[in-house]
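Descriptive structure summary
Below, each chain spelled out in residue letters.
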Amino acid sequence: MHFSTAHILGLYQQAAHRIHSGERVTHLAHAWQCGRLAEKSGASLKLQLASWLHDIGHLWAQQSALTTDPAVKGHAALGSRLLEPLFGLGVSEPVRLHVLAKRYLVTTRDSYVRKLSPQSLRSLTHQGGVLNEGECSDFERQAFFAEAIQLRIWDDLGQKDGWFEISIQDALDQLDGLMQSVAAQCVT
């Protein structure tokens, strides 16, 4: 599979006006909001990029037969598989783990479930629901556990209708610049 930053920009350009998974924001606005939350929190460039691209698997699946691959289950795994060759584990692992992070937070924080959108609550069942004690322990031992939790929180917060302060092209330019910066870090 050949996947590039040009593919990513094209997918977000095409999804700039499509509503994100039953929420009140477009795919691009959601990605931008998550990236901005990461940036404002002082996250590393890799975690900022993971925040931008955590749902890339959704966008790619709409245009690719890759989702029929039995090794790829769900948008998080698909996104991780696409991103790892381009940006390394610092981007791909938080993406891979962000759905598991939701399940973990629902299991370990009573107040968390009340903060989820109706769409996120519906998808929780499809994603496997709450974790058992062993699954929680396994998740806590993941190298990118903390990053996945933080990305998940930004994912939940990045659903604000009307919070898209720049043009579509400016958002795509920001994403492109961030991808180039992270890719340069991976080379050095």
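Model, not experiment: these values are computed from the prediction. (Residues numbered from 1 in each chain as written. Predicted model: local features only at pLDDT ≥ 70, side-chain atom pairs only at ≥ 80, totals over all residues. Heavy atoms only, no water.)

A closer look at the packing of helix α6 (residues 89-108) against helix α8 (residues 118-126)
Definition in use: Fitted lines through C-alpha atoms serve as axes, helices being fitted only where they are in contact, and the angles separating the N-to-C directions of these axes extend from 0 to 180 degrees. Going along the chain from the N terminus, every DSSP run of H or I of four or more residues is numbered as a helix, and every run of E of two or more is numbered as a strand. Roughly parallel means an angle under 35 degrees; roughly antiparallel, over 145; roughly perpendicular, 65 to 115; everything else is oblique. When checking whether two residues touch, look at their non-hydrogen atoms; a contact exists if any pair is within 4.5 Å. Any residue that is not Ala, Val, Leu, Ile, Met, Phe, Trp, Tyr, Cys, Pro, Asp, Glu, Lys or Arg is counted as polar, Gly included; the first ten are nonpolar and the last four charged.
Interaxial distance between α6 and α8 falls to 11 Å at its minimum, and their mutual angle equals 100°. On the basis of their axis angle, the class for α6 and α8 is roughly perpendicular. Contacts from K102, R103 and V106 in α6 reach S120, S123 and L124 in α8. Among the residues forming the contact of α6 with α8, the class breakdown is two nonpolar, two polar and two charged.

Quick notes on the layout of surface pockets
What counts is decided by this rule: Points on a 1 Å grid over protein atoms alone make up a cavity when a 1.4 Å probe fits among them but cannot get out, and a pocket when they form an open set with protein on both sides within 12 Å along at least five of seven lines; lining residues each have an atom within 4 Å of a point. Grid points are joined across faces, edges and corners, and a volume is the space filled by probe spheres set on the points.
Here the second largest pocket defines a volume of roughly 190 Å³. Sort the elements by how many residues they give to the lining of the second largest pocket and helix α10 (residues 145-157) lands first, with three residues. Taken together, the residues of the lining of the second largest pocket sort by class into three nonpolar, one polar and three charged.

Section: the packing of helix α3 (residues 45-53) against α10
Geometrically, a packed helix pair is captured by the angle between its two axes and the distance between the axes. The condition that has to hold: Two helices that cross are described as forming a left-handed crossing if the nearer one is turned anticlockwise from the farther one by less than a right angle, and a right-handed crossing if clockwise.
Where α3 meets α10, the axes come as close as 10 Å, and the angle between the chain directions of the two elements is 45°. With respect to their mutual orientation, α3 and α10 come out oblique. Classified by chirality, the crossing of α10 by α3 is right-handed. Between α3 and α10, the residues in contact are L47, A50 and S51 and E147, L151 and W154, respectively. Its residues placed into classes, the contact of α3 with α10 shows four nonpolar, one polar and one charged.

Quick word on the side chain of T26
Rule in force here: Polar contacts, as used here, are pairs of N or O atoms within 3.5 Å; protein pairs need one atom able to donate a hydrogen and one able to accept it. Residues neighboring in sequence count only if both atoms are side-chain atoms.
Structurally, the position occupied by T26 is in the loop between α1 (5-14) and α2 (27-40). Among the polar contacts made by the side chain of T26, one reaches the main-chain carbonyl oxygen of A16 at a distance of 3.3 Å.

Nothing here speaks to function; it is all geometry.
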